Structure formats: structure tokens, C-alpha cells
Amino acid sequence: MKVPLSWLKEFVEIDLSLPELAYRLTMAGLEVEEIRLVGLPMPAEAHEFKIEGLSWDPDKIVVAQIEEVMPHPNADRLVLCRLYDGRETLTVLTGAPNLFPYKGQGPLPKPLKVAYAREGARLYDGHQPGFVLTTLKRTKIRGVESFSMVCSEKELGISEEHEGIIILDDDAPVGMPLVDYMGDAVLEIAILPNMIRAASILGVARELAALTGKPLRQPPLPPFERGASIEGRAAIQITDPDLNPRFVLGLIEGVTPRPSPYWVQRRLRLAGMRPINSVVDATNYVMLMLGEPLHAFDYDVLLTRAGGKPPTIITRPAREGERLTTLDGVERTLEPYMILVTDTAGPLSLAGIMGGLESEVTEATRNVLLEGATWNPINVRRAASALRLSSEAAYRFARGVHPALAPEAVRVCLAYMAAWSGGRVAEGLVDAYPKPPVDPEVHLSEAEVRRWLGVSLRGEEVADLLRRLEFACQVQGETVIARVPPHRLDIGEGVIGKADLIEEIARLYGYDRLPETLPADPLPQQRNQPLLQAEEALRDVLVGLGLQEVVTYRLTSPEREARWLAPAEGDYTPPDYVRLANPIAPERSVMRRSLLAAVLEVAERNARLSERLAFFEIGPVFLPLPGQDLPEEPLRLALVLSGVRHLPAWDRAEPPLADFFDLKGILEEMAEALHVPHWRIEPASYPSLHPGKSAVLYSGERELGYLGEVHPLVKARYDFGPAPVLVAELDATALLSLVPERFEVQGVPVYPPVIEDIAVVVDESVPAAQVESIIRQAGGKMLTRVHLFDVFRGEQIGAGKKSLAYNLTYQAPDHTLTDAEAAQIRQKIIRRLEQTLGARLRS
Amino acid sequence: MDDVLEINELDALQARALQELEAVNDEAALQAWRVAHLGRNAPLMQIFSRLGQLPKEVRPQVGQRANQVKQALEAALEERAAALRAAALRRALESERLDVTLPGRRPELGRLHPTTRTLRRIVHIFAEMGFQVYRSREVESDAYNFELLNMPAHHPARDLWDTFYTTTSGVLLRTHTSPGQIHVMRERAPQPIRVILPGMCYRYEQISARSEIQFNQVEVLAVGRNITFSDLKGTLNTFARRLFGEQARTRLRPSYFPFTEPSAEMDVECFVCGGKGCTVCKGSGWLEILGCGMVHPTVLQNGGYDPEEFGGFAAGMGVERITMLLHRIEDIRYFWANDVRFLSQF
Ligand SMILES: [Zn+2]
């Protein structure tokens, strides 16, 4: 909401500086987003508001009068003005088309009042797009010297208008600094959804009056002529009071729509509206001033439609498929939740949103029927959003306008119409008010104020604060009974009303004055949160293992995920997804099912930026559940590893590439560090992985997820280099649930171990894990460590064979192991390997 | 004169040995010298072996002198050896000198995502005030995201959130973590509550440097019989001072949220310019960091708490926004782009 300061001052005295004013309003919930100076000087004090705009130099920009408009000797599109600026008479050059009608008429009988800028004045350049500051300099235009100018609105920063110059109202005093005559500032105030009552000059003034203690005042109405009574000239029929609680009509006859006085046009522009003509401008002016949107009908059109009889205005829901051409010229197809203003001949306007084309006020209109009504906010909101029609009226009605405003707004508007357009205002109004609301009465005790705000206020203090906002208050003992004033709908009943009042009290008392405490209420029982703790531990472990954490979009598309999910070979049917009804783009149209697909995209994007790619993410995937509206959201862990094992350095130029065992090692270390019980990694196959380089991580019999090298055909779908891409995706929910809250450790051995190496030759097909498991079984408790340190293939051991070399540690907890004992264990191990695997010892 | 003769020989022996020692410059020469002057066949040793043949009267005198010479030579040997060791060490150290300005060999260490870092700080600060993490789902029902939070269908406040809807009617991507308020209240009523609710939220927006379609929010919720607006103020100011520094000034500005009343926005004095106004705070000197307020009676009711008996406060903040302020990040798109050149800086 744009609030011109001059207008606000008509309703309440303001003795604050602009920054002080903005601060008070902001701290009361009327956030001043920006202040635009339209003539007034820039405040000198330090402040924290965005203040822009133009200050008019009082010596250089003044009111002047044009006494004669003369042709330019060398240019048809320029004129010379004889102008008096209060000091002297001079000749000023201009190309303003709105002076051309006066060209060559000799001395004007009624001089034109204009805004005149002398040499050196700081102005906006009227010929450049946007607002560019410039200083008025002496030049020669087509042989005529020019050192000053008459200004357009754009040059003074009032609006974008720069076609013609400003013609001021006749009462403008010649020679007066323009800033004193009409210098202004516009406050851009963000109106909160529950403060629509402040979306008017009166509304802001009322809040300001409550804040500063200055009285609220109503500017006097202009004098106007009265006509015959409205009685019998129009009737109202409301079919559903829930949709239309009140409808008021007023009548003015004999108007002549014309341009409004300049000060009215300027105010409308400063407030962000375009002046149309004096009749339409009056409706907008009063809406901005009082907050009640009004609508003007051409009365004669209604008479004609009613066959010459007085019209009956009927409000009702639209019928399915009914049509209306709104005054923007668009034919609208309506729905039953949209409310119509009709007459006996059919629809006239879309209630609370926009008028119809047929009955709109034109230059030819002579008699005006003026509507001030109240509409159901939900219906207005739905209709405006379905028709994509936003208007100042819809904005206000959709948030709730109190029905008590209507008659006053109609009366005030008719007075301005008469003052600006001529005509006689018919005596009285037609007022249909089938459903007056009961303004709530709220009881609030001192104890309740204390319980909500933590500050002790006496009943009288509370009542005083509320009275400033026009609540009618009674204090009974420790309880305040407050009646909501008849201009606001945001205060509820019962406990909600209490909360609403508490907010008003806190706002006026000042949030900054409230004390600062920590809760004295008992602390709830604190819970153990092992899953959350394990999750953070997992992050730390993975970071420590050299992986970069990433967080990716949860929104993706089936096509993006198919790059990973579709098997290397064979058919692929995309799975069921949580789909968006209104995606911003096709590539963000579903909720992801694969976390790894997202992390692979990250690796791919970074492939050219880093020789070593090592990423992980812990996050949810979204799996639709048959027969249920809401999906399952299990947590996943995804890892991607590719490129060099470690970054090259000055003395290690070509590090080896990471392979399956780097990834496996990370998962092993992770499982160990988190103390995952009975974990093991076993060969397995997965459709998108290399069939010979893939495995599954288990804890006991529970499968936690897969790991492996991406299948070459799958990898070809991505833009990766030649290095293998290693991936893993684990069920993080399951993994974290297995992390024990406590675990036990072994004592440090006291007696020395016996350490020896053995190498066994087995068939190529025998998995190393099986060899180790047999060694461990046979070795028993005394075998405390088995470490594979070499795998060898070669002629010496024969084709189809491999040699596995182990470093074994034997140790007893209670004595020093003898060589004989160690030899016994070794023999047992060798025997078992020979028997089970046909292995032989390699000497 | 015999005695004089032996003594004289010892004196000459000592002088010659010490003189030769001065020329010794390495370990081998030192060993040779030791053999020559202190070895079994050294002249000094021969004097010792001849001692018995000397007359009784001179024997003590010559013996004493021979011992003196032996000690002197041994001491000189030790001193020389030490000097040689020291010189050798010096040479070795000199030859091993590195160019320590060459880069170090860095172990590969990953980094946490910036969002995780900020989230942890926030969670930690609130944990010390007794607020524990509570998580809830991201794909939500309209009821939990809007209706139960005092926003029935067509409520104008719904305009504050641009929402992603799913193709299942009544199911959407949560626009804030507030649905978790209802979940946790329904789970715990009538017990008091102090939780924070972190998590990903979604908004239907065009992606730009300033806005993203997904963002992390942390919501704070306290419910009890005696929770006041002053408690809200104290708790959030404590939080702000711990996150932005002890000297951080804050202010509460009235605002509107459908699920709180009274509602406020909390601003912290711009720590980039100290409140003087800069591009980060857009000239205002203040940075908006969170929205907050007293839990609306309707929300308490929907959560299973009698609003005549219970009160509460709630606050919500954007994790990426706070991260951007803390690290002067100018483009929110960096967060989900996951460019290593960005991530590796944390
Ligand atoms: Zn700043």
C-alpha cells in the first residue's frame, strides 16, 4: 500500500520525522518497505530505511504561471512560453503537447499554473527510460537559448508521465517553492493479511493515532448540491446474505465526467492508481481513503435495461456456464461460487472484483448509481484466483471488509463526485442489510495477559491500550470486557478473541518493551535419540574417510532416474512415483526414488572439476505405498567414488585409480567405526552394476544395500571419463538402527604373541573370504589376527591357481605361547585348508 | 738422573700425541691415533709395563706422571671425538635441509555440506536449552500443512506459500516444517514440549539466486502451562547471540502468521556492516532471520492441548538463508548445485 504523507496528515497530526514515522509504523506491524521522496528533503538524521526519490530545491523549483504560449520561430514541435515565476517574466521553451492548444492565442485570459525549474535544478531526465538524475543546464535549442523548463510529472518524480507538463490547480500561489506547495513522500507499507483494515489512508492513520496518542480526525467534505430523494429510484434484492451481507446504493444526477483536479490526479498516481475521469476517480479515491471498494453504474443504462422502470439490483451466485464481459473487455465464463450483481435483464458485474462493460461509466454518463457492498471473502478470493483477475477491490474484499463501512463510503464518494463532476446528490441511500454482524465482545483477565505475555498489566492499562484502537472497554475487577470496533473483522470470539487482543496489546505496548526471560515451565523429559546420533556419527565417519557430503534435489524426473535405475541390458518399466500436479519443469516432476541417481549426477557434473570424485549423501527417498495417499520416506545412504585414489602431488604425479576395493574398504571401515554387528560383504549381482564387481553388505542376515562398479553400459549413459565409477546405496534407516548404543572392547594382551606367515595355494574359483573363514575356524580362540598381505598368480604355482599369503598372530590371554602350541594351531589350520579346499602350503 | 729421563720422555710423549690429535679429522684417523697413543703397544703403555723395573724411589713419581699423561690423552680423545660427532651431525643436518615451502601431502578428508554445518550449530544451541530434534515427513497432507495450522481452504494466508501439489488430491510437498508441530503435539499431549523440527521444505518458485524450490527450515516449538511471549524473546535472543556473537543486537517486529498470535519477525543487526547499512542488509542495517510467535489457540486445540490451560511459542528459520548470511554466500543455487569448488570451502 502506497501512502502519500500529505494525505495521511489530513487524518492525523504527525510531528515525527520520516524515519521516526517509518520506525513507529514498522514496529507496530505496518512494515515500511521503502520511502519515496516526491519533493520533500532527505532526512538528515541517521536512519535504517530505504529512502529514495527526488527532493525539490526550494530556490530552483517553484510555482509559476504561463501567460502566453507563442510559436517557436524554427520548430513546429516546440513552443515558447511567456512565464512569470514570482520574480520576473521570462521566455521558456517546451515541447509539451498539452500547451499546443494555447499556441498563438495571445495573452491567456486565465494564466496556466505550472511547475517551473530554474537553471541548476536537479531533476529526472524526462527523455530517458527509468529515472535518471540530471542537472538543468543552459543550452540552445534550434537557435533559442534555454536555461530553465516547465516540468512534467516524470521530471519531478511524481509518476512515469512525461508526455505533457503538469498544469497545476488554479489556486497554486505563483513564486511559492513547489516543495511547500505540494512536496510529498510516499510510504510503501506492506499490509499483513490480518491487517486489511489498514489498507487505507484512514486505516493507517488510525493505527498511527493509537501509537502516538494524537486524535484521529476526518477531513471535511467538500460542499455539494443535493437533489431529490433516491426513494423509489432503485431497489435491491439479496438472495443469499451469507454471500452478500450488505448492499448500499446512492444516486447522483447531472454529472459531467472530466479530468479530476490536479491534486486528485497526483494523489491517485502517488498511491499507485491511474486517474480516469472525475467520476471513476472519486470511487478510487474514496476506496484508498476509507478502504471500502465502490462501484459506479451508469444509471441510464440500468433504466434502459429495466425497460424504463427503476432498476432492481439482484445479487446471486452465478449459474454454471453463465457469461459476463467485464470492463477489461474479456468475456468470462462463470462458476456457481462466483457472486454476480445483476438486474432483471441479467449480469451487471462480478461482485467485489470487476464491473461489467455494458453498465460502466463513460464520458457520456450523466447519472450514476453508486454501489457500496460487502461480499463473502472466500467467494471473492476463489473467483479472483480462478479468473486470474486481481483488482484493488478484490484484494480488499478477499481479506474482509466490514459491512459498517459501506454507507459512509457511499456518502463521501457522492460528495466528491459532485464536487469534481458537478451534479446533484440524491437524498438518502437504499440500504439492504439482511445480516449485520455482531461485533464480538472479548473478556480478558490480568492473569491471562500475564500468562501470554509474561508481563503484569493492570486491567485499566489494558483497557487504555485497547481504547486507543477504538475498542469499547469496561473493566470489571481484574477483567477487561472489550467490544470490537465496527471497522475490523480480524478479532474472533472466546479464546481466539483473547489471543487476538493479546496481539493488539503487545503491539501497542511495544514488543521491545516486553521482558526477556527463559522458560520457567518445567523442562519436558529428555529423550535418548540413538538414530539421530548415529546419523551424525555416520556423517563424521564418511567425511573422515575422505568423502564430500552433498545435498541434492529431492525433485527429479523418471527419465533422469532411469539413467541409473534402468538395467544395463533388457527392458525397463519406470516404477511408481509421487508425482507433482504443478511441476516447475518436466525435469523436476516427481519425488526421487533413488538417492544414488542424484549423487551420480553430482559426480558427473564435477567430473571435469576434480580428478578425484568422492561423494556421499544421506537423505530420504519417496516410495508410494499401494492404497495409501502418503508415501514411505525411508532414509538412504549413497556413495560415489571415481578417479584417482588420492590427489596427485609434486612427488607423486600419477596416483592409481580408485577401484572396487577402495569403495569396499570405505564400507568396511564405516561398518567397523559404527560397530555394526556381524557385518559382512558378499558377492551379489545388481542390474546396473558390473556383474563381476558387485556385492552386498549384510549385518547378520539383514541386507543393508549393494556396492560395486557401475556397469560399462550404464556408465556410457553418463559423461564420465575412463576411470571406473564405484557406487553404493544403503538403507540408512536399517544401518543406523543397527548401530549399538554401547559396545565392549578387549583388554590389551599382556603376553607376547607368536607371529608367522603362511601362503596357501588354492583354485582360482575359491573366494578369499572362504579361505579366511576356514583359517579362523580352525585357528580358534588363540588365532587373534588374520591379515591377507599378498595375492599371487604365476607359473610357479600352476594355471588356474592362486596363492594367498597370510600374516597370522597367535596369542594366549593367560600365558606366553610356546613354539609347540603355535605349531599345533598352524598344523590344524593347514590340515583343515587341505581337507576343505584342497589347498596346499606354499613353501 | 734416571727419574728425570723417564719424566722427560713422558712429557715429550704427551706433547707429541696432543699435537698429532690436532690433525685428526675423521673417525678412522681418530681410531688410528687411539691405537698409536693409547693402544697396547703405544709408548705410554710400554712405560707402564716398564714401571716394575724402575728403582723403588722413582717408581711412584714416574707412575703418577704416566697416569696423568694417560688421563690427559683420554680426555683429549673424548673431546676430539665429541667435536667430530658434532661436526658430522652438523654436516648431516645441513645436507638433509628441505624446501619446507613445498606443499604438504594432504590426506583426503571430506567436508560436511554447508547446510549440515549450520543445522548442527542450530541444533546444538537449542539442545543446550532443552530443545530436542523431532522429524516428520516431507510429503504431507493438506490437513497437516494448512488446515490444522489454522488455514482452512481458501484462507488468504495460503497465498503466503506457493505450494507444490501432488497428483493425489489433498497431498502436497510441505511448505514449512510446521506440520511437525501438529504431529509432535498429538503424540505428546498433554505433556510439555520443547522440540526443534529441522527438515526440507518445498516452494513452487522459479529458481533464482534468491529463491529455491527446496530449502531447509528449522522450527522451534515450546508448549507448556506457563510459556510466555517473554520466554520466546529470551530464548530466541539467546539463540541469536550464540549464533551471531555475544554483541549481536536483535529486534522483534510484529508480523503475521496464521499459526501464531501474537506473531513477530526477528531481525538481527547486520554483522557485515555493524548496522550502518550495506548491500547484504540492503541498506537497512538489519537482517531478517526468523519468524515467530505464540502458538495460535486453534493450533494448540488441533494438537490436543486446551488453549485455556496451555500456551506455547514457535519460531521458524531458513537454514540456507542463515548459512548465506554467515558466509556471505550470494547465490542460493550453490547449495544444491554441489560444485566441489563451493563445497570444498567449508
Ligand atoms: Zn549491513
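Residues numbered from 1 in each chain as written. Chains lettered and ligands numbered in written order. Predicted model: local features only at pLDDT ≥ 70, side-chain atom pairs only at ≥ 80, totals over all residues. Heavy atoms only, no water.

Side note on the overall build of chain B
- Counting its regular elements, chain B contains 12 helices and 9 strands.
- In terms of C-alpha radius of gyration, chain B reaches 43 Å, well past the compact-globule figure of 20 Å for 346 residues.
- Looking at chain B residue by residue over its 346 residues, the buried ones come to 56%.
- Considering only contacts in chain B between residues 6 or more positions apart, those separated by 24 or more positions represent 68%.
- When the accessible area of chain B is evaluated, it comes to approximately 15600 Å², of which 50% is carbon and sulfur surface.
- In chain B, the 41 positive side-chain charges and the 42 negative ones have mean positions that sit 0 Å from each other. (Helix = DSSP H or I, 4+ residues; strand = E, 2+ residues; numbered from the N terminus. Rg over C-alpha atoms; globule rule 2.2 N^0.38 Å. Buried < 20%, exposed > 50% of the residue type's maximum accessible area, 1.4 Å probe, protein only. Contact = heavy atoms within 4.5 Å. Areas by Shrake-Rupley, 256 points an atom, 1.4 Å probe, with all protein chains shown as cover. Lys, Arg positive; Asp, Glu negative; His and termini not counted. Charge placed at Lys NZ, Arg CZ, Asp CG, Glu CD.)

A few points about the overall build of chain A
- Along chain A, the regular secondary structure elements total 22 helices and 42 strands.
- At 42 Å, chain A has a C-alpha radius of gyration far larger than the 28 Å of a compact globule built from 843 residues.
- For the C-alpha atoms alone, the extent of chain A along its principal axes is close to 130 × 80 × 60 Å.
- Within chain A, the fraction of its 843 residues that count as buried is 54%.
- In chain A, the share of contacts with a sequence separation of at least 24, taken over all contacts with a separation of at least 6, comes to 68%.

A look at the environment of Glu-330 of chain B
All names here are of chain B.
- Along the chain, Glu-330 falls in the loop between helix H10 (319-327) and helix H11 (334-337).
- Relative accessible area serves as the criterion here: at 54%, Glu-330 is assigned to the exposed category.
- For the pair formed by Glu-330 and Thr-238, sequence separation is 92 residues and the distance between their alpha carbons is 27 Å.
- Leaving out residues up to four positions away in the same chain, Glu-330 has contacts with Ala-209, Arg-210 and Met-324.

A word on the coordination of the zinc ion
- Distances from the zinc ion to its protein donors, Cys-270 of chain B (SG), Cys-273 of chain B (SG), Cys-278 of chain B (SG) and Cys-281 of chain B (SG), fall at 2.2 to 2.3 Å.
- Around the zinc ion sit 4 donor atoms, and with donor-metal-donor angles ranging over 104 to 113° the site reads as tetrahedral. (Donors = N, O, S within 2.8 Å, 3.2 Å for Na, K, Ca; no water. Tetrahedral: all angles 85-135°; square planar, octahedral: opposite > 155°, others 65-115°.)

A closer look at the domain arrangement of chain B
- Each assigned domain of chain B is listed here: domain 1 (5-95) and domain 2 (114-343).
- The centre of domain 1 of chain B, based on its C-alpha atoms, is set 89 Å off from the matching centre of domain 2 of chain B. (Domains from an automatic or database assignment.)

A few points about the pattern of salt bridges
- Applying the stated criterion to the full structure yields 77 salt bridges over all chains.
- Two residues, Asp-490 of chain A and Arg-197 of chain A, come together in a salt bridge whose shortest N-O distance is 3.1 Å. Taken together, the residues span a long stretch of sequence, with Asp-490 of chain A in the loop between strand E29 (479-483) and helix H14 (494-509) and Arg-197 of chain A in the loop between strand E13 (184-190) and helix H5 (201-212) at a distance of 293 residues.
- Among the salt bridges present, the one from Arg-249 of chain B reaches Glu-269 of chain B, with a minimum N-O distance of 3.0 Å. On the criterion of sequence distance, the pair formed by Arg-249 of chain B in the loop between helix H8 (229-244) and strand E6 (250-257) and Glu-269 of chain B in strand E7 (residues 260-269) is long-range, its members being 20 residues apart.
- Each member of the salt-bridge network shares a partner with another, and the members are Glu-535, Glu-536, Arg-539, Asp-540 and Glu-549 of chain A together with Arg-120 and Arg-135 of chain B. (Salt bridge = Lys/Arg side-chain N within 4 Å of Asp/Glu carboxyl O.)

Topic: the interface of chain A and chain B
- At the interface, 96 residues of chain A touch 96 residues of chain B.
- Taken together, the two surfaces of chain A and chain B that pack against each other cover about 8300 Å², and 54% of this comes from carbon and sulfur.
- Counting across the chain A and chain B interface gives 8 salt bridges.
- Taking the shortest distance from any N to any O, the salt bridge between Glu-633 of chain A and Arg-137 of chain B comes out at 3.1 Å.
- The tally of links between chain A and chain B comes to 54 residue pairs in polar contact (both at pLDDT 80 or more).
- Taken together, the elements giving at least two residues each to the side of chain A that touches chain B come down to helix H2 (18-26), helix H9 (377-386), helix H12 (446-453), H14, helix H15 (530-544), strand E30 (548-549), helix H17 (595-606) and strand E33 (612-620) of chain A.
- Sorting elements by how many residues they give to the side of chain A that touches chain B places H14 of chain A first, with 9 residues. (Buried area = accessible area lost by both parts, 1.4 Å probe. Polar contact = N/O pair within 3.5 Å; in protein donor to acceptor, adjacent residues only side chain to side chain.)

Observations concerning the domain arrangement of chain A
- Its domain assignment divides chain A into domain 1 (2-54 + 185-212), domain 2 (57-182), domain 3 (225-432), domain 4 (441-512), domain 5 (530-738) and domain 6 (754-842).
- Relative placement of domain 1 of chain A and domain 6 of chain A: their C-alpha centres are 87 Å apart.

With respect to unusual backbone geometry
- Cis geometry is adopted by the peptide bond preceding Pro-190 of chain B, which originates at Ala-189 of chain B and carries an omega value of 0°.
- Put simply, Glu-261 of chain B and Pro-262 of chain B share a cis peptide bond, and its omega is -5°.
- Take Pro-262 of chain B: it is sitting in strand E7.
- Unusually for a residue other than glycine, Glu-470 of chain A sits at a positive phi of about 70°.
- Tracing the backbone shows Glu-470 of chain A in the loop between helix H13 (459-468) and strand E28 (472-476).
- Assessed through its relative accessible area of 34%, Glu-470 of chain A is described here as partly exposed.
- Even without being glycine, His-154 of chain B reaches a positive phi, approximately 70°.

Description of the sheet that holds strand E12 (residues 149-150) of chain A
Residue and element names in this part refer to chain A.
- Taken in spatial order, the 5 strands of this open sheet run E6-E5-E4-E7-E12, and their pairing is antiparallel. Both outer strands of the open sheet, strand E6 (89-94) and E12, are each paired with one neighbouring strand and no more.
- Taken together, the 6 bridges between strand E4 (residues 61-71) and strand E7 (residues 112-117) define a ladder with antiparallel strand orientation. Its bridge partner being in E7, Ile-61 is matched across the sheet by Ala-117. (Pairing = 2+ DSSP bridges.)

Topic: a positive patch on the surface
- Taken together, the side chains of Arg-106, Arg-111, Arg-117 and Arg-121 of chain B present a region of like positive charge at the surface.
- Residue placement: Arg-111 of chain B occurs in the loop between helix H4 (59-95) and helix H5 (114-127). (Patch = residues over 30% accessible without salt bridge, like charges linked within 9 Å, V, L, I, M, F, W, Y side chains within 5 Å.)

What to know about the sheet that holds E28 of chain A
Residues and elements named next belong to chain A.
- The antiparallel open sheet is built from 3 strands, whose spatial order is E27-E29-E28. The open sheet terminates on both sides in strands that have one partner only, identified here as strand E27 (441-445) and E28. Within the sheet, the average angular offset between the axes of one strand and its neighbour, ignoring direction, is 20°.
- Pairing of E27 with E29, which is carried by 5 bridges, proceeds in the antiparallel orientation. Bridge pairing in E29 links Val-442 to Ala-482. (Axes fitted to C-alpha atoms, helices over the stretch in contact; angles between N-to-C directions.)

Here we look at the side chain of Glu-561 of chain A
Residue and element names in this part refer to chain A.
- With respect to the element layout, Glu-561 can be found in helix H16 (residues 558-565).
- Buried charge without a partner: Glu-561 forms no salt bridge, and the closest opposite charge is Arg-593, 5.7 Å away.
- Not counting residues up to four positions away in its chain, the partners in contact with Glu-561 are Thr-556, Tyr-577, Arg-592, Arg-593, Ser-594 and Ala-597.

Brief notes about the side chain of Gln-214 of chain B
- Among the secondary structure elements, Gln-214 of chain B is positioned in strand E5 (residues 214-224).
- Gln-214 of chain B gets classed as buried once you look at its relative accessible area, which sits at 0%.
- For Gln-214 of chain B, the side chain forms a polar contact with the main-chain oxygen of Thr-552 of chain A, separated by 2.9 Å.
- Setting aside residues no more than four positions away along its own chain, Gln-214 of chain B makes contact with Thr-552, Tyr-553, Arg-554 and Leu-555 of chain A together with Met-200, Cys-201, Tyr-202 and Trp-336 of chain B.

Considering the packing of aromatic side chains
Residues and elements named next belong to chain A.
- Taken as a whole and assessed by the stated rule, the structure comprises 27 aromatic pairs over all chains.
- Measuring from ring centre to ring centre gives 5.3 Å for Phe-660 and Phe-661, while their planes differ by 90°; the resulting arrangement is edge-to-face.
- Among the residues examined, Phe-660 registers a relative accessible area of 12% and is labelled buried.
- Among the aromatic residues, those joined into a ring-pair cluster are Trp-7, Trp-263, Tyr-285, Tyr-416 and Trp-420.
- The ring of Tyr-433 has Arg-246 lying over it, and the distance from NZ or CZ to the ring centre is 3.8 Å.
- In this arrangement the basic side chain of Arg-382 is found over the ring face of Tyr-337, its NZ or CZ atom lying 4.0 Å from the centre. (Phe/Tyr/Trp six-rings, centres within 6.5 Å; stacked < 30°, edge-to-face > 60°. Lys NZ or Arg CZ within 6 Å of the ring centre and 35° of its normal.)

Some details on the environment of Phe-310 of chain B
- As for its position among the elements, Phe-310 of chain B is in the loop between helix H9 (297-303) and strand E9 (311-318).
- Judged by its relative accessible area of 6%, Phe-310 of chain B is buried.
- In this structure the C-alpha to C-alpha distance between Phe-310 of chain B and Asn-226 of chain B, which are 84 residues apart in sequence, comes to 7.0 Å.
- Filtering out sequence-adjacent residues up to four positions away, Phe-310 of chain B remains in contact with Arg-451 of chain A together with Pro-190, Val-223, Gly-224, Arg-225, Leu-300 and Tyr-305 of chain B.

Let's talk about the nonpolar core
- Of all hydrophobic cores here, the largest spans 91 residues; its most connected members are Leu-8, Leu-25, Ile-35, Leu-187, Ile-189 and Met-417 of chain A together with Leu-221 of chain B.
- Setting aside its immediate chain neighbours within four residues, Leu-221 of chain B contacts Phe-131, Gln-181, Val-184, Met-185, Ile-193, Arg-194, Val-195, Leu-197, Val-295, Phe-313 and Ala-314 of chain B.
- Ala-28 and Leu-501 of chain A together with Val-133 and Val-268 of chain B belong to the second-largest nonpolar core, a separate cluster that totals 69 residues. (Core = buried A, V, L, I, M, F, W, Y, C linked by side-chain atoms within 4.5 Å.)

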